[in-house]
Amino acid sequence: MKKIIHNDWQDVLQGEFEQAYYAKLHEFLKHEYATQNIHPDMYHIFQAFEWTPFSKVKVVILGQDPYHGQNQAHGLSFSVQPGAQVPPSLQNIYKELQSDLGIAPVQHGYLKKWADQGVLLLNSVLTVRDGQAYSHQGHGWERLTDTAIQALSEREQPVVFILWGKAARDKIKLIDQSRNIIIQSAHPSPLSAYRGFFGSKPFSKTNEALEAMGETPIDWQLPTEVLEEK
């Protein structure tokens, strides 16, 4: 059988890939990519899973759906491709990072270094039409990503879940809170960041939780420059 994800996530999600809903989602996406401008490109849909294998996940930062502008989305929540402007929500994440840990903002929004350290930057919905936020909601992605969240919740080694905003906090019901750590606040978007995101210290709280679990903390400092994606 053709592999969709090239690490241990394939085994974790294999049962979902064999379901009727996923076949329907696959047909929907084939038509969308053939007739519409869809983000990210089809080769980066599962990038968050590719860069952060199931067994390596320490932290999950949950987003909703990909950025819907040109040359932004590349398969990770909140992250944009090298060369893209830093989106407003990510600018606020950088502000909180500086307030929390004293890490100065970088001039790009490419979060691969976080993913490489075990931060799964997961959107609930993995594709979107150009310029149409939430246009691929309700087609099956949520079932797949809910399964991923539940699998992490049940994994022997616990996980820190960072849930920003109502949509992310709605996923609490999927997480075993007796075993895993949940850090939640308002969303970092300009509309809500002042209602509890700023001052929430998610980065230091995450590292304290990881250290308490016996894990290496995340180095949240991003490189000042990044190369273009190949």
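Scroll up to find the structure.
The following refers to the structure shown. Keep in mind it's a predicted model, so treat the numbers as computed, not measured.

## Side note on the pairing of strand S2 (residues 59-63)
In terms of residue burial, S2 counts as a mostly covered element, since five of its five residues are buried. A two-sided burial pattern is seen for S2, the buried positions comprising Val59, Ile61 and Gly63 on one face and Val60 and Leu62 on the other. Sheet topology note: the S2/strand S3 (residues 119-123) ladder contains five bridges and is parallel. Considered in S3, the bridge of glycine 63 is made with asparagine 123. By the bridge criterion, four bridges tie S2 to strand S5 (residues 160-164) in an arrangement that is parallel. Each bridged residue has a counterpart across the sheet, and for valine 60 the counterpart in S5 is phenylalanine 161.

## Observations regarding the packing of helix H1 (residues 9-17) against helix H6 (residues 141-154)
Running from N to C, H1 and H6 cross one another at 135°; their axes reach a closest spacing of 10 Å. Taken together, the axes of H1 and H6 are oblique relative to one another. Every pair of crossing elements has a handedness; the one defined by H1 and H6 is right-handed. Counted together, Trp9, Val12, Leu13, Glu16 and Phe17 of H1 and Arg143, Leu144, Thr147, Ala148, Ala151 and Leu152 of H6 form the full contact between these two elements. A class-by-class count of the residues in the contact of H1 with H6 yields eight nonpolar, one polar and two charged.

Basis of the calculations
Residues numbered from 1 in each chain as written. Predicted model: local features only at pLDDT ≥ 70, side-chain atom pairs only at ≥ 80, totals over all residues. Heavy atoms only, no water. Buried < 20%, exposed > 50% of the residue type's maximum accessible area, 1.4 Å probe, protein only. Helix = DSSP H or I, 4+ residues; strand = E, 2+ residues; numbered from the N terminus. Pairing = 2+ DSSP bridges. Axes fitted to C-alpha atoms, helices over the stretch in contact; angles between N-to-C directions. Parallel < 35°, antiparallel > 145°, perpendicular 65-115°, else oblique. Left-handed = near helix turned anticlockwise from the far one by under 90°. Contact = heavy atoms within 4.5 Å. Nonpolar A, V, L, I, M, F, W, Y, C, P; charged D, E, K, R; others polar.

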